[in-house]
Structure formats: C-alpha cells, structure tokens
Amino acid sequence: MKNLLFALASALLLNVTVLAQTNLLTIAESSDYTKTSTHQNVLDFMIELDQDSPYLRIETIGNTTEGKPIPMLILANPMLNSPEDLMNDDRLVIYIQANIHSGEVEGKEASQALARELIKNPDSDFFKNLIILIVPDLNADGNDKMSDQNRTNQNGPKSVGVRHNGQQLDINRDAMKLETPEMQAVVSQVYNSWDPAIVVDMHTTNGSYHVEPVTFTWQMNPNGDRNLINYMRDKMMPLVSETLREKYKTLNCFYGEFVDRGDRSKGWISYASETRYMTNYVGVRNRLSILNENYVYADYKSRVIGSYNLLLSILDFAVFNKNEIKNILANADQKSLNRGLNLAVADSFALKYKGRPTPNPETIMTYEVEPYKDVNGRTRYKKTDKQVNVTIPYIADYYATKQIAYPFAYILDINDKRIISHLQLHGIEIKQLNNDVFLEVESYKISNLKPAERLNQGHYLNTVKGEYVVESKEFKSGTYYILSSQKLGSLAAYLLEAESDDGLLKWNFFDRYIVPQWGRNYFPYPVYRLLQQTEL
C-alpha cells in the first residue's frame, strides 16, 4: 500500500515550495504570514483566479446575515455547467470548507493557495479523477470583525475574526436546526445539489499541548453507516496520515484531547460526536467526512502549510481509491434504501452512545506538565519544555448504549409548514396520504420534559422521558409521512425520534404541540412510528 501511495508522486506532487511562485499571492503569503484575508481579499483573489483559468468557476451559494455573498470555487477539467451534469460523470466530488469559525484562519489561506496551484496543471490526475469544490470563507460576517483581542492564545496572525456569525450563532452547531443562512446554503447548494463524496471542514484547536501542527479525525456518530466509519478509521485516515508525514514531511496525529492531563494513560479522546457538528452530520448522510484541527500553538506559517499539505494528502487518497470510495458509498445508500423493507437486515437507531478506544492506539508527541492550583483551588497543569511521546488509547469509536428499531415510516400528525420545510431543506423525501386510513402505530407518551437551565445557541434544549404505546389511530388524507427507506433515512430518524440527542424535539421545534397551556400533563408527541411495511 505504501508503494501505491508513492507510485504517482511525480504527477501528483504540488510541493509547498511552489506555493508563492506566482504573481498572485494570498494575503498570508504576501504579508510573510503576519496577516489573514478579509472577505473582500478572498473575493478579489477568486475573481483573479477565475479570469485566468477555464478550469475554475465561481458560484455564489448564498448570502450571510449581513448580506455578504458566500462564494464557492468549482475546479474541474472539463468544467461542468451544473450539478445535473454529474449524472454521466465518473469523477469524485470533494468539498473543502474553511473559516466556519473565522478566528481559525489557516484553512482559508491554504484552500485559496490550493486552488491556485491546482489550475496550473489542468492535466493532472487530480483533474482526471476529481471535481473539487472550495468555500474558503464560510463565515464572512465573523471574518471581517477582525481584532487583535480575538483568540489571543493563538500563535498568529495578530488580528483575526470572531467565532460566531452575524446572528451571534455558531455555524458549527447548526447542522440539524439550520437557523443560519450559511449552513442553509451549504446543505441546500452543496450537499443536496453536488452530493460530495468527501467533505473536509478546517479548524484550529483549543486544547491539549502537543508537537504536531496538524491533526484530523473522521465522522464518528454511530448513526452513520458503520462500514463508512470503519473505512475511515482503518484505511483512509491512517493512509492520509502516512502520506502527510512521509510524502509531505508534515508531523500529524489524529485529533483529540487528553481525557486527564494528569494521567494521560486514560486516553486521547475525540469527544464531539453529535450531529450538530458538520463532520458528524455529513457522516449521517452516508458520506465521508474529515475534521481538520490545526494546532493553535504552532506558528501561523506552519499551520497554513501543514493544512495545505493535508488537503493534498486527502486528494492523493481520493485519486488512488476513487472506485473503491464510489462503491462503498453506493453500498451505504442501498442499505438505507432497503431500511424498513423486508429486504433489510435488522437495523436500529442509537438514542444514546458512548466512545470506546479504536483498535489501534495513537501516539502523541506531547510535553511533560506540572500541576498547580489556580485562585479557586482547582488543579491546573502547566506545560514544561520536556517533550515526551505517549502511545495511548484513542477514544473515537462510538457505539449505542440505548437503541430503537427503525420504523417503516414516521407519520406527522400536524401540518406545520415550518417543520415540513425544515425537513425538505435537509433533502429528506416527504409524502402525503391519499386517503383517510386507520393504522397501528407507536405513540410516544411523555412523562417528563425538562428544558436546560442555560441557553445554548438561542435554545433551552429539551430532555424528554417517556415510553412508546401501541395504538390504532386514524390519519386523514393529506397527512405527511416520511419513509425510513430513503438515502437520508438515518438523518430523518435523527430529526424525528423523540429521544434523539440532536432532533427537532430537542431543539424546541415541537414545544407548542406537546405542552398544554394549563396543567402538568403532556400531549402525545405528534410524530408516530409505523412499524410494519404498509401500502400507503
């Protein structure tokens, strides 16, 4: 396998030494890595690239809260007129996204440089096998609120943007509720339209001390296809890591934090497993997803070049393994299409889950630490200059601890246009009954509903307890229902299951329907589960 990775090195290599060998420089390059791009700088850079190359097109996928355009670069040879052209195209689509948290800037700079270098060689194996989509500056509103008081712990550049968007919301917590125009644009204009096979989301860490400038991980929510998760864990991510280290000479490790800085033997954990995060959301859509987190204490130039090299390593893998990737994604889609039918293998949805160590431990190049007490008497740890390598469990395999069988269909006993539109925005197929019908269904009876004490992204998140009761119920003609047997069946279940940890009940979409004006009882949850395959 290692020989395979290096077989086409001369054809694929876009070495970092050529990053600045052109008149068109990114702001990072032209400032000798002391500044980062404004949104207008990004627009100007993209427009100049577009003027110089027939292999690049700019498409605006949406507008921010403050009205700024969100441009996406499309790189292809030959160029496509629209996503519909993919029907007869054998190339693999890859989507690269940066600056969702706009203080975390190196992905914005690296992805611009990548586009510039790719179009210099339109006959490369990259263009023969891939269609590459790049949004360098997703959070344009946050990007332009630059200050030297933002992310003061970050090792350059001096002035960067803020984490939140123009609504004061974190876009990377919005994948399920879709309240930000940026996430709405990505879901509708990228995921639903282009259906990328691989998604890369670029960030900067805030966590543990280590030497490696680049870290990354993969989708881990257990409601994504297990074969895809295992493919990332056992093949794609290890080989990308090897390529990045051996071919592009960039130290790297899988992303995480120490479970206990005082006792590192407890493990290295990737903890953000919910689908509100972009990476896990993509996984539940049955696609391959990579979270890139560059080391906050590494210098800015190292982070830009390191993340640039990571993107090349991912593209290398995609070229060499294009057909295999297409096959495993098709198999995952077919499994979802069979769900809830007699053809389906027994399948269940994880309501609760917990992380386990992956089959192979991870080696982290870290530092010895010294404990001390802060002003409140709590134990903290201070980094020393003594470097040490530790090989410890990597807790990134999440498995169900409570699960429920997928139904044949979910039936909505309400006609709420907001909820219907929300499901459709995700790309979920919705149908309506043509006649009145009595059906035996599971009804969720709520025994306790408790909102969180603290606001989270503008919501008091619900925690619900209850049980399903089988009943016969009449549903009127025109009632909406959602089949589990569709490509996005896992996503539909995640949004509609009553006890889902990131569903619409969790995010308050159903509050008005389940809490009466007076009294302490609750109305039934207005989403019913039809278990048996039924002609509707």
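A brief report on the enclosed structure follows.

What counts and how
- Residues numbered from 1 in each chain as written.
- Predicted model: local features only at pLDDT ≥ 70, side-chain atom pairs only at ≥ 80, totals over all residues.
- Heavy atoms only, no water.
- Salt bridge = Lys/Arg side-chain N within 4 Å of Asp/Glu carboxyl O.
- Buried < 20%, exposed > 50% of the residue type's maximum accessible area, 1.4 Å probe, protein only.
- Axes fitted to C-alpha atoms, helices over the stretch in contact; angles between N-to-C directions.
- Helix = DSSP H or I, 4+ residues; strand = E, 2+ residues; numbered from the N terminus.
- Parallel < 35°, antiparallel > 145°, perpendicular 65-115°, else oblique.
- Contact = heavy atoms within 4.5 Å.
- Nonpolar A, V, L, I, M, F, W, Y, C, P; charged D, E, K, R; others polar.
- Pairing = 2+ DSSP bridges.
- Expected span 1.5 Å × (residues − 1).
- Bend = angle between axes of the 7 residues up to and from the residue.
- Left-handed = near helix turned anticlockwise from the far one by under 90°.
- Polar contact = N/O pair within 3.5 Å; in protein donor to acceptor, adjacent residues only side chain to side chain.
- Core = buried A, V, L, I, M, F, W, Y, C linked by side-chain atoms within 4.5 Å.
- Phe/Tyr/Trp six-rings, centres within 6.5 Å; stacked < 30°, edge-to-face > 60°.
- Lys NZ or Arg CZ within 6 Å of the ring centre and 35° of its normal.

A few points about the pattern of salt bridges
Scanning the entire structure with this criterion turns up 39 salt bridges. Measuring nitrogen to oxygen at the nearest pair gives 3.2 Å for the salt bridge that ties Asp170 to Arg163. The exposure class assigned to Asp170 is buried, which follows from its relative accessible area of 6%. Here Lys266 makes a salt bridge to Asp260, at a shortest N to O gap of 3.0 Å.

Quick word on the packing of helix α9 (residues 226-246) against helix α12 (residues 322-338)
Direction vectors running N to C along α9 and α12 enclose 150 degrees, while the axes themselves pass 10 Å from each other. Considered as vectors, α9 and α12 are oriented roughly antiparallel to each other. Contacts from Leu228, Tyr231 and Lys235 in α9 reach Glu324, Ile325, Ile328, Leu329 and Ala332 in α12. Partitioning the contact of α9 with α12 into residue classes produces six nonpolar, no polar and two charged.

Some points on the sheet that holds strand β9 (residues 268-269)
Spatially, the four strands line up as an open sheet ordered β8-β9-β14-β11, and their pairing is mixed. Because the sheet does not close on itself, it has two edges, and the strands there are β8 (257-258) and β11 (348-357). Alignment of β8 against β9, held across two bridges, turns out to be antiparallel. Its bridge partner being in β9, Glu257 is matched across the sheet by Ile269.

Some remarks on helix α8 (residues 181-194)
Here α8 spans 18 Å end to end across 14 residues, near enough to the 20 Å set by a 1.5 Å rise per residue. Of all the bends in α8, the largest measures some 25 degrees and sits at Val187. Residues Glu182, Met183, Ala185, Val186, Val187, Ser188, Val190, Tyr191 and Trp194 constitute the buried set of α8. Directly after α8, the chain includes Asp195, whose backbone phi takes a positive value near 45 degrees.

So, the packing of helix α5 (residues 106-118) against helix α11 (residues 300-320)
Two numbers describe how α5 lies on α11: the axes approach to 8 Å, and their chain directions differ by 50 degrees. Considering the angle they form, α5 stands oblique to α11. Between α5 and α11 the crossing geometry is right-handed. For the pair α5 and α11, the contacting residues are Glu106, Gly107, Glu109, Ala110, Ser111, Ala113, Leu114, Glu117 and Leu118 in the first and Tyr300, Arg303, Val304, Ser307, Tyr308, Leu311, Leu312 and Leu315 in the second. Taken together, the residues of the contact of α5 with α11 break down into ten nonpolar, three polar and four charged.

Description of the side chain of Glu442
Inspection of the secondary structure puts Glu442 in strand β17 (residues 437-451). For Glu442, the side chain forms a polar contact with the side chain of Arg529, separated by 2.8 Å. Not counting residues up to four positions away in its chain, the partners in contact with Glu442 are Tyr468, Val469, Val470, Tyr528, Arg529 and Leu531.

Some thoughts on the environment of Ser484
Here Ser484 shows up in the loop between β19 (480-483) and α14 (489-496). As for Ser484 and Tyr406, which are separated by 78 residues in sequence, their C-alpha atoms are 7.1 Å apart. Once you skip the residues sitting within four places of it in the chain, Ser484 turns out to touch Ser336, Arg339, Tyr406, Pro407, Phe408, Ala409, Tyr410 and Gly489. Within polar-contact distance, the side chain of Ser484 engages the backbone oxygen of Pro407 at 2.7 Å.

Observations concerning the nonpolar core
Among the nonpolar cores identified, the biggest contains 71 residues, and Leu75, Ile198 and Met236 are the most heavily contacted of them. The greatest single-element share of this core, amounting to twelve residues, is contributed by α11. Leave out the neighbours within four places in its chain, and Ile198 touches Leu92, Val93, Ile94, Tyr95, Met236, Leu288, Ile290, Ile314, Ala318 and Ile325. Of all hydrophobic cores here, the second largest spans 69 residues; its members include Leu86, Ile100, Phe509 and Ile514.

A word on the packing of aromatic side chains
Across all of its chains, the model carries 18 aromatic pairs by this definition. Seen from their ring centres, Tyr444 and Tyr468 are 5.0 Å apart, and the 65 degrees between their planes marks the pair as edge-to-face. Of this pair, Tyr444 sits in strand β17 while Tyr468 sits in strand β18 (residues 462-475), and the two are 24 residues apart along the sequence. Of the residues examined, Tyr444 reaches a relative accessible area of 0% and is grouped as buried. In this structure Tyr468 comes out as partly exposed when scored by relative accessible area, which is 23%. Grouping aromatic residues by their ring pairs yields a cluster made of Phe216, Trp218, Phe254 and Tyr394. For the cation-ring pair, Arg264 lies above Phe258, with the distance from its terminal atom to the ring centre recorded as 5.9 Å. Across from the ring centre of Tyr367, 4.3 Å away, lies the NZ or CZ of Lys383, which sits over that ring.

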